[in-house]
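Residues per chain are reported as follows:
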Amino acid sequence: MGDAGRRTANRAEDETEQMLMTLHSYVIEHDMGFAPNPFHRRCSLAACKPLIRASATLGDYVMGTGTAHNDMRQHLIYWMHIDEIVDFDAYWNDPRFRRKRPVMHGSMAQRHGDNIYHSLPGGGFFQADSFHSQDDGQPDPANRDRDTGRTQRVLLARNFTYYGKHARSIPDEFRGFIKKGPGHRNKFTAANLAYFMEWLLADPARGYIAEPTDWL
């Protein structure tokens, strides 16, 4: 195959990848470094947003925007490019993610670890003392059922940008990508999505940029 043929083939592969990619956009109600958890060089979504965790596939993007209570409504808190999906047991047992288990007497980042679930022999799930448990460390059935009832999947990304308190202002022309209220959006035209992704990825900043917006 000549150079022209290879360029055509590569371009076709890129376009196919772009068409298959989905962007899931939602509002982060509580930006505490728990969901998402941007620490230890890997962004993870292991709690909350069960519909996104259940439906997202490898190569998809997830983005979270801020809320009115901290004047971040039209601001991008984070985005992640999913490159690995595991279940709760694999997440709990994998030594790579041991540091994402919560330590409630530790730093703010440690207290908001999201590696909190694993299956129990008799059924159901163990819930570690965490941001989603009760104040005394006992399991919170409502949070546990919401996190585990529809899916056991954990979304992971090495390629991400978590802006936190340095949230990036989203231009008015991209307001259609901002979800209002609960749930999420993932239906966008290919042309609009390509234009938005060009803006999203133009910022070279990657990884953990600043602390969560709701940390005092």
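Not measured: the values here are computed from a predicted model.

### Thoughts on the overall build of the protein
When its secondary structure is counted, the protein shows 6 helices and 11 strands. Scaling as 2.2 N^0.38, a compact globule of 216 residues should have a C-alpha radius of gyration of about 17 Å, and the protein matches this with 18 Å. Burial analysis of the protein (216 residues in total) assigns 46% to the buried set. Restricting the contact set of the protein to residue pairs at least 6 apart, pairs at least 24 apart contribute 72%. Put simply, the protein shows about 11200 Å² of open surface, and 52% of that area lies on carbon and sulfur atoms. Taking the 27 positively charged and 27 negatively charged side chains of the protein as two groups, their mean positions are separated by 1 Å.

### So, the pairing of strand 1 (residues 23-27)
Burial within strand 1 is extensive, with 5 of its 5 residues counted as buried. Of the two faces of strand 1, the one lined by Leu-23, Ser-25 and Val-27 and the one lined by His-24 and Tyr-26 are each fully buried. Sheet topology places strand 1 next to strand 3 (residues 61-65); 5 bridges connect them, and they run parallel. Note that in strand 3 the partner of Leu-23 across the bridge is Tyr-61.

### Some points on the pattern of salt bridges
Under the counting rule described, the total for this entry stands at 7 salt bridges. With a shortest N-O distance of 3.1 Å, Glu-84 and Arg-42 are connected by a salt bridge. Within this pair, whereas Glu-84 is found in strand 5 (residues 84-87), its partner Arg-42 is found in the loop between strand 1 and strand 2 (43-45), the two being separated by 42 residues in sequence. On the accessibility criterion, Arg-42 (12% relative accessible area) is buried. Counted as one network, the salt bridges with shared partners bring together Arg-42, Glu-84, Asp-94 and Arg-96.

### Looking at unusual backbone geometry
Residues other than glycine predominantly adopt negative phi, and peptide bonds predominantly adopt the trans conformation. Looking along the chain, the bond that leaves Ala-35 and enters Pro-36 is cis, with omega of 10°. Relative to the helices and strands, Pro-36 resides in the loop between strand 1 and strand 2. Positive phi is not limited to glycine here, since His-40 has a value of about 65°. By the element assignment, His-40 lies in the loop between strand 1 and strand 2. With a relative accessible area of 31%, His-40 lands in the partly exposed category. Here the phi dihedral of Arg-41 falls at roughly 65°; this positive angle occurs in a residue that is not glycine. By the secondary structure assignment, Arg-41 is in the loop between strand 1 and strand 2.

Reading the values: rules and limits
- Residues numbered from 1 in each chain as written.
- Predicted model: local features only at pLDDT ≥ 70, side-chain atom pairs only at ≥ 80, totals over all residues.
- Heavy atoms only, no water.
- Helix = DSSP H or I, 4+ residues; strand = E, 2+ residues; numbered from the N terminus.
- Rg over C-alpha atoms; globule rule 2.2 N^0.38 Å.
- Buried < 20%, exposed > 50% of the residue type's maximum accessible area, 1.4 Å probe, protein only.
- Contact = heavy atoms within 4.5 Å.
- Areas by Shrake-Rupley, 256 points an atom, 1.4 Å probe, with all protein chains shown as cover.
- Lys, Arg positive; Asp, Glu negative; His and termini not counted.
- Charge placed at Lys NZ, Arg CZ, Asp CG, Glu CD.
- Pairing = 2+ DSSP bridges.
- Salt bridge = Lys/Arg side-chain N within 4 Å of Asp/Glu carboxyl O.

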